[in-house]
Each structure stands twice: as structure tokens, then as C-alpha cells.
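Results of the structural survey
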Amino acid sequence: MRLKWEKDELDRFVSRLETVTEFQKAMKEACQDIARALHKALEQKTPVISGKLKSGWGGNNLLFTAKRVSTGYQVELINQVEYATYVNDGHYSYNQFNKGGQPYVVKNRTVRYYQGNRDKTFVFGVFFVEKSVVEVGNSRIEQYVFPHIEKWFRWCLGD
């Protein structure tokens, strides 16, 4: 395959390659696609007891920011529920036992401690955020980024 370009075509191509704003726009769109895929995975993996935590992801009203940082691009999904991090990471709990003496959460996810005259329970996290990130990353994140890079490159070529 042989390419033949005129000098002015080459100059136009180089000037378009140097246009950073178009590339940043393409990367922001790719980040938005990744955020949508991550949102879908988070909604599927969020544990449901009352449904409040799952509905905190915004449903169809996805709450996220996609921005450029010094090391690349960053996507931040927002859950409005105040206890989301406790469910994800785990937490200590005091006096969360009902009359039967069992914790309010699933037995396999708790460790019961005794501290003075109070019961202290550690509720293990579900790590649904980490699992969702791994799932989206394993589904080949390139499928979200490459179409936008290809679109940008075609724009550079003038197609």
C-alpha cells in the first residue's frame, strides 16, 4: 500500500493532529461510555435489602463526572446514599442484634466481638464497586476507547 499526499494535505493533517481539544473531546466521550458500562455493572452487583442503595445510583439519571487529570482521565460515579461505603468496605456495628441474638445481616458476613458490656460486630464488606470495576476492565475496556480514537483519527485525515 502506498500513500501519496500533497504538501498542503500533509500540513492540514499535521495541524489537525496537533488539535488537542478534539482528542480530549474523544477521550471524554470514551470515559462517558466507560461510566455507563460501570453504572450498569454497579446496579447489577449492588446488594439489595431495602432497594435504597441500588436506587442511589440514579437509575436512568446517571450521576457521574468524567474529567481530565494529570495522569489521564478519571470517571467518578456518585451514589447519593450515605451508607454506600459502609456496605462496600465493611464496618463495625454496635447493638445491632435482634431478640434472637442474630445480627441484622447475613451470618456469613459478620464476626461478633465482646467489648466490655457491649456486643461489637464487624460486618464484612461486599466489595461490589471493586467487582464491578474488574468486570468492566475484563470486558476489554478497549471496546469503549478505540471507536472514539478511530473517529478522531478519521477526523484528522479529513474523512
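So, here's what we can say about the structure. (Residues numbered from 1 in each chain as written. Predicted model: local features only at pLDDT ≥ 70, side-chain atom pairs only at ≥ 80, totals over all residues. Heavy atoms only, no water.)

**Points about the pattern of salt bridges**
- Throughout the structure, instances matching the rule amount to 5 salt bridges.
- Measuring nitrogen to oxygen at the nearest pair gives 3.0 Å for the salt bridge that ties D33 to R36. In this pair, D33 and R36 are both assigned in helix α2 (residues 20-45), 3 residues apart and thus about one turn of the helix distant.
- Between K45 and E135 there is a salt bridge, with its nearest N and O atoms 2.9 Å apart. (Salt bridge = Lys/Arg side-chain N within 4 Å of Asp/Glu carboxyl O. Helix = DSSP H or I, 4+ residues; strand = E, 2+ residues; numbered from the N terminus.)

**Notes on a nonpolar patch on the surface**
- Judged by side-chain polarity, L17, F153 and L157 come together as a nonpolar surface patch covering roughly 240 Å² of accessible area.
- Here F153 shows up in helix α6 (residues 142-157). (Patch = residues over 30% accessible without salt bridge, like charges linked within 9 Å, V, L, I, M, F, W, Y side chains within 5 Å. Areas by Shrake-Rupley, 256 points an atom, 1.4 Å probe, with all protein chains shown as cover.)

**Describing the packing of helix α1 (residues 7-17) against α6**
- Contact geometry for α1 and α6: axes closest at 8 Å, N-to-C directions at 145°. For the pair α1 and α6, the contacting residues are F13, R16 and L17 in the first and W152, F153, W155, C156 and L157 in the second.
- Of the residues contributing to the contact of α1 with α6, the split by class is 7 nonpolar, no polar and 1 charged. (Axes fitted to C-alpha atoms, helices over the stretch in contact; angles between N-to-C directions. Contact = heavy atoms within 4.5 Å. Nonpolar A, V, L, I, M, F, W, Y, C, P; charged D, E, K, R; others polar.)

**Points about the nonpolar core**
- One finds L42, L53, F128 and V136 to be the most contacted residues of the largest nonpolar core, which totals 18 residues.
- For this core, the element with the highest residue contribution is α2, accounting for 7 residues.
- Excluding residues that lie within four positions of it along the chain, V136 makes contacts with A37, L38, A41, I141 and Y144. (Core = buried A, V, L, I, M, F, W, Y, C linked by side-chain atoms within 4.5 Å. Buried < 20%, exposed > 50% of the residue type's maximum accessible area, 1.4 Å probe, protein only.)

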